[in-house]
Amino acid sequence: MINDMKVQVSPMLDIRYEDEAVLIVNKPPGILVHPVNKESEGSLASEVEAYYRKRGWRLGLHPVSRLDRYTSGLVVFAKFPEIQGALIRQGMRKEYLALVTGTLPSTHGIIEFPIARKPGSIIEREINPDGKPSKTEYWNIPPESGNAGSLSLVRCRLFTGRTHQIRVHFAGIGCPLWHDNLYGRIPGPPMRHGLHAYKVAFIHPWSAVYLEVVSLLPDDMRIAWQESIK
C-alpha cells in the first residue's frame, strides 16, 4: 500500500503515485478535473498535460476516474489508452471518506437507491425508481473521544459509479454531506463539501501487482469533524 506519499510539482498537481503506465494525483477541492467552455484553464487535466510537456513526454490524457469539483482526493490517469481500457474493464476499488450531517441509521449499512438525472436539471440527480441501480456501502468511524457530534465521519465503498452517488445516497437517508450546496440543508462555502476520495486499488495491467494508494483525511474535514464533537 502506498500511504499518503506526496510529490508536489505544482500547487495543484500533488502526485501520490506514478510509474511508466499510471499517474495518480490528489485533487484539491474547488478545481475541475477537466476544463469546460467557461473555464478553459486551471483544471487538473491541464496541469497533467503541462507536467507531461515539461518532461518531453508525448502522452495523451486518459482519465480512469473523475471527481466533482468540490470533492477532493485521488484521481487516476492512465498514460496509454490500453491501460485506461484495462483499468475500466477491471473496475477499480474506490473508497471515500464522507463527513455527513444528521444521525446515521446504523454504524454500518448498504444504500441501494436507484439514481436518475433530475428532470429540468443538467447537473442535479435524484432518487428515482426508474433510475440506474446504485450501491454504496458505509462504515461509521467513531471519534477517539467516543462522543457523538453533529457530524459523522463515514468510510464509503462504491460498487457503482453514478454521478453524485454518495451525495444523493446520504441525502436520501436524511444525512446530507457537510456543506453540500446542492443536496444539503445549509449552504456552505463555495470551495468544498465533505467528500474525499481517499483510496483507489487495482491490479496493475502490466505488472499484475495489486496496487493500493491512500490519501489521508484533509485537515479541513478533520477539523470540522473534531469541532462538531466539542
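My aim in this report is to walk through the structure given alongside it, one point at a time. (Residues numbered from 1 in each chain as written. Predicted model: local features only at pLDDT ≥ 70, side-chain atom pairs only at ≥ 80, totals over all residues. Heavy atoms only, no water.)

1. Some remarks on the side chain of Ser65
In this fold, Ser65 is placed in the loop between strand 5 (62-63) and strand 6 (72-78). At 2.8 Å, the side chain of Ser65 and the backbone nitrogen of Val76 are in polar contact. Those residues in contact with Ser65 that sit more than four places away from it in its chain are Leu74, Val75, Val76, Met92 and Lys94. (Helix = DSSP H or I, 4+ residues; strand = E, 2+ residues; numbered from the N terminus. Polar contact = N/O pair within 3.5 Å; in protein donor to acceptor, adjacent residues only side chain to side chain. Contact = heavy atoms within 4.5 Å.)

2. A word on the pairing of strand 12 (residues 151-158)
The buried fraction of strand 12 is high, at six of eight residues. When strand 7 (residues 93-101) meets strand 12, the two strands line up antiparallel, connected through eight bridges. Bridging across to strand 12, Leu97 finds its partner in Arg155. Here strand 11 (residues 136-141) runs beside strand 12; their pairing, made up of six bridges, is antiparallel. Within strand 12, the residue paired with Thr136 across the bridge is Leu158. (Buried < 20%, exposed > 50% of the residue type's maximum accessible area, 1.4 Å probe, protein only. Pairing = 2+ DSSP bridges.)

3. A short note on the pairing of strand 6
By the criterion of burial, strand 6 is predominantly enclosed, with seven of the seven residues buried. Examined bridge by bridge, strand 5 and strand 6 share two bridges and lie antiparallel to one another. When the sheet's bridge partners are listed, His62 is paired in strand 6 with Ala78. With two bridges connecting them, strand 6 and strand 13 (residues 195-203) associate as parallel partners. Bridging from a neighbouring strand, Gly73 pairs with Ala197 of strand 13.

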